[in-house]
Amino acid sequence: MKILITNDDGIHAPGVHKLAEMASRYGDVVVVAPDGPRSAQSMALTITIPISAKIIKRERNITWYQCSGTPADCVKLACSQLLDSAPDIILSGINHGSNTSVNVLYSGTIGAALEGAMHDVPSIGFSICDHSLEVSFEYCLPLFEQVLANTIKYGLPHDICLNVNAPVGPVRGMRLCRQSAGRWANDFTRDNAPRTTDFYWMVGDFFNTEPDETADQASVELGYVTVVPIQIDMTAYSAMEHCKKIVE
């Protein structure tokens, strides 16, 4: 198999190295990852300046490209220029930090997986719910590999990718879930250093507004690896009837 891997934490993050090592048991791996952190980039593209990419190392069956663009840029560039044929599967991660609930809307990790789905390639975004670069992947890797192996075996429907999140530490199992509701509050704090211009830091507290165990946030808090299928089509079909009143 030909496996393409990217991430949003940058090419030096431990998570992408763990993912590449795991994937290398299933075929030839090409990693095209940003040259530094690109968190919260969603599906952002670089369109006002050119981007660069260079091979920084080859080891066994893994080739590593460092790219100056976003995670979605990395997928586009790999599929259009760097690979001689389309990949069989695209993996993104392993992200250092949760991508459950509404975080999926901001995530560069999931943005890359959605970009892969737009190329009609089965794609998976993997995350562990801890931002530490020293976090242990010991417990989640076997279940991540199960998801990878079964996706290779069964494929994915058109325009669908998977969002997979793991708790830190021992896991109780794996669940197929839906995306939970949630919100961020206190999004910015003012930098009080004396300056002539006011500066603000992005901060924030996440509130899970849906404790239902069928949703991903509650399940991962209970110790489960969660798998949520997500789609490119964002049409709110449940609102179509209501919105007829606005149009007619």
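Quick note: structure is the one above.
Let me begin by describing the structure that accompanies this report. The numbers attached to residues start from 1 for each chain and follow its sequence in the written order. Restriction of local features to residues with pLDDT of at least 70 applies here, the model being predicted, together with a cutoff of 80 or more for giving and counting side-chain atom pairs; totals for whole chains, interfaces and linings are based on all residues. The side-chain numbers reported here are obtained from all heavy atoms of the structure, hydrogens and water having been left aside.

**Examining the sheet that holds strand β13 (residues 224–231)**
In sheet architecture, strand pairing relies on hydrogen bonds along the backbone and comes in two forms, parallel and antiparallel. Reading across from one edge, β3-β4-β2-β1-β5-β6-β7-β13-β8 is the order of the 9 strands in this open sheet, with mixed pairing throughout. Every interior strand has two partners, whereas the edge strands, β3 (53–59) and β8 (173–176), have only one. Averaged over all pairs of adjacent strands, the angle between their axes in this sheet comes to 20°, without regard to strand direction. Between two residues, a contact is recorded if the distance between any of their heavy atoms is within 4.5 Å. Only the stretch in contact is used when a helix axis is fitted, and all axes are lines through C-alpha atoms; the angle between N-to-C directions ranges over 0 to 180 degrees. Each helix is a run of H or I in the DSSP string that is no shorter than four residues. Each strand is a run of E no shorter than two, and both are numbered from the N terminus. Contacts from helix α1 (residues 14–23) reach β1 (2–6), β2 (28–34), β3, β4 (62–67), β5 (89–96) and β6 (123–128) within the one sheet, and its direction differs from that of β5 by about 145°. The pairing criterion for strands is at least two bridges between them, as found by DSSP.

**Quick word on the pattern of salt bridges**
In what follows, salt bridge is the name for a side-chain nitrogen of Lys or Arg lying within 4 Å of a carboxyl oxygen of Asp or Glu. Scanning all chains against the criterion turns up 9 salt bridges. Measuring nitrogen to oxygen at the nearest pair gives 3.4 Å for the salt bridge that ties R178 to D212. Residue R178 is located in the loop between β8 and β9 (182–185), and its partner D212 is located in the loop between β12 (205–208) and α6 (216–221); the two are separated by 34 residues in the primary sequence. Buried, partly exposed and exposed residues are distinguished by accessible area as a fraction of the type maximum, computed with a 1.4 Å probe on protein chains only: under 20%, between the cut-offs, and over 50%, respectively. Here R178 falls in the partly exposed class, since its relative accessible area comes to 34%. Among the salt bridges present, the one from R190 reaches D198, with a minimum N-O distance of 2.7 Å. Classification of R190 by relative accessible area gives partly exposed; the value is 46%. Residues joined in a network through salt bridges with shared partners are R178, E210 and D212.

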